[in-house]
Each structure stands twice: as structure tokens, then as C-alpha cells.
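# Coordinate inspection notes
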Amino acid sequence: MGWDFVIIGYVLAGLLFLTYSVTLLRKGRALAARVPEDKRTFLD
Amino acid sequence: MAKPSTSSKFTITLGLLFLAWLTGMLFLALIYSPAHPEQQESVRLMYIHLPSIAVAYTAFFLTFIGSVLYLAKKSIFWDLVAASAAEIGVLFCTVLLFSGMLWGKKTWGIYWDWEDPQLLSTAVMYVVYIGYLGLRRMDLTAEAISLRSAIVGILGIGTVIVVHYAVKWWRSGHQDRTIDPEKLATGTTEGIFQINDRYLFTTVWAIATFMALGLWLLVHRFRVAWLERQLAEIDVEEAIELRRQESAAYIGSER
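First, a word on scope: everything that follows refers to the structure included in this document. Source: prediction; values computed, not measured.

Okay, the environment of Ser-8 of chain B next. Residue and element names in this part refer to chain B. With respect to the element layout, Ser-8 can be found in the segment before helix 1 (9–32). C-alpha of Ser-8 to C-alpha of Val-219: the two residues are 211 residues apart in sequence and 9.9 Å apart in space. Looking at Ser-8, its side chain comes within polar contact range of the side chain of Arg-223, at 3.0 Å.

Structure representation (C-alpha cells):
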């Protein structure tokens, strides 16, 4: 009993984290491409 | 040469480590952990609920530390650490809230209870940190945003303390802290959630997994914030240079 809510919870959490991570990575890539190399500090 | 991004050897290693831990966590949470005698299968929601509050607490504490250090040192680094940590905290708090609501519906029969101090204080904490993020996006100077959000970041820790101790301070339908150092030391396993054996092992594993994810996200979020700040400075420098060229051209044409 309760597997339905377990699946909903895990899928929602997974989607939320995945969407946020992908958005963050894409934004980071777009920003890094615009900032000159000498100003890209804290990236390693 | 690799395309510029916010990834580094550290984040790639941490990301791979997280994926390995996540695989183990899903096995432990969905297969290895037995159903609970009272909560049935919904106990498995605890393996995302508890780690979420652990990461949210850590993130909001980091926001507090970053805010204090910003005020003490006027350091942009700590200001951006505080802002990044707040966003990560809100993200995990979102997972905390909906996983708790789903668990509550199965266990208590209701999604939410406004009279429960633990739930109410968590909602207040959530709103305070969403307000913090809203403040960071206001149309003010960078210094004004940093100063005001540092004040909210320091005061906000009060809501975290209230959430943590709400169960002890007020009568609540919410269970007591699942992993209580005092309980662990005495071996007491009383409460709705019998935290022992497979439940405990899975919970600790899940917390480590979520902590790795939280750190990975935090590093990337900080780097995005840092790049945004650098870009804003470049834009200002370029705008000043453009104005200089325009006025030089205007003065030249007047002569």
C-alpha cells in the first residue's frame, strides 16, 4: 500500500532536480562563452 | 579545447560519485528497505524527505555564514555563496514539502495541517527564503541588494532554528527528529519511524547522496552567479567606453 505516492514523489523529485541541473549547466555554458578567459575565475 | 562551462574536474568527479551513490540509494530505498509496519510503503518517501531537510538546513546555514562574512568583509565572494546556497536550500525545501505532503496523506490522511507547528514553521521558513531570492532580483544597485539580502540571510536562520526545535517546543502531530544523536547514543528507537537496521542504513546513505547533489549544485550555482557578476561589470565597462567614444566623436564634430 502506498506505492503510487512513492512513485509520484520520486518522479517529481527527479524531474525537479534534473530540470534545475540542466538549466544551470546550460546557463553556465552560455555565460562562460561570453566572459573573457582571464575573467573566468573560480571555474576550476 | 573544451567548450567554456561551469564544469571542472572537481564537479565532474563529484557528479559521477553522486550518480553512483544515487544508483545505490534507489536500490536501498525501493528494494532493500522493507515496508514499515505502520507507514507501509510510504516510508520510502522518508528517504527523500529527510535528506532534503538535511541539505536545506546546511544550505540555509551557509547563507547565514555567507551573509555574516559579507557584512564583515564586504566580500562579493561570500555574498554570492550566500545567494547560491539560499537557492539550493529553497530547491531542497520544495522537495521536502511535497514529499512530506505525500507521506502525510498516506500516513495521517491529510496533505497539510496548518495547526501543526512543524509544518507551519517550515512553510514560514520556505516563504522567508523565497523572499530572500525575490530580494536578490530587485531593481536596486548590487551593493543595496547584497546589504539587504545579507540582513535577511542573518535573520532567516531564526526560522531554521524554529523548524528544527518545533517538535520539542510545541505539541505536534509531526514525529520527533528521526536521527537524534541522543537517541542514537542510547539506542532508543521509539517513535513512529523505527530508525534502526535497514531504515537507518538507507537514511544515512540517502543523506550522503543528497549532500553530494547539494554540493554539486551549489558549486555550479555559485559559478553561474560569479559569471553573471563578471558579465555585469564588463557590460558597465563597455557602456562607459561607448559613452567616451560618443562624446569624443561629438566634440570632434563640434570643432
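What follows is about the pattern of salt bridges. Where charged atoms from two side chains of opposite charge approach closely, those side chains can pair. All names here are of chain B. The final tally for this structure, using the stated rule, is nine salt bridges over all chains. A salt bridge links Arg-221 to Glu-87, with the shortest nitrogen-to-oxygen separation between them at 2.9 Å. Taken together, the residues Arg-221 in helix 7 (residues 197–254) and Glu-87 in helix 3 (residues 76–107) connect sequence positions 134 residues apart. For the pair formed by Arg-221 and Glu-87, the shared burial category is buried. Taken together, the shared-partner salt bridges in this structure form one network comprising Asp-79, Arg-136 and Arg-229.

Residues and elements named next belong to chain B. For Arg-136, the location among the structural elements is in helix 4 (residues 117–136). When its relative accessible area of 14% is taken as the criterion, Arg-136 is described as buried. At a separation of 2.8 Å, a polar atom in the side chain of Arg-136 contacts the side chain of Asp-79. Sequence-distant contacts of Arg-136, that is, excluding residues within four places in its chain, are made with Asp-79, Leu-80, Ala-83, Ile-145, Ser-146, Ser-149 and Arg-229.

A few words on the packing of aromatic side chains. Residues and elements named next belong to chain B. For the structure on display, the rule yields 14 aromatic pairs over all chains. Measuring from ring centre to ring centre gives 5.2 Å for Phe-77 and Trp-78, while their planes differ by 90 degrees; the resulting arrangement is edge-to-face. Looking at Phe-77, the relative accessible area reads 27%, which means it is partly exposed. Ring geometry for Tyr-165 versus Trp-169: centroids 5.5 Å apart, planes at 20 degrees, classification stacked.

Criteria and thresholds
Residues numbered from 1 in each chain as written. Chains lettered and ligands numbered in written order. Predicted model: local features only at pLDDT ≥ 70, side-chain atom pairs only at ≥ 80, totals over all residues. Heavy atoms only, no water. Helix = DSSP H or I, 4+ residues; strand = E, 2+ residues; numbered from the N terminus. Polar contact = N/O pair within 3.5 Å; in protein donor to acceptor, adjacent residues only side chain to side chain. Salt bridge = Lys/Arg side-chain N within 4 Å of Asp/Glu carboxyl O. Buried < 20%, exposed > 50% of the residue type's maximum accessible area, 1.4 Å probe, protein only. Contact = heavy atoms within 4.5 Å. Phe/Tyr/Trp six-rings, centres within 6.5 Å; stacked < 30°, edge-to-face > 60°.

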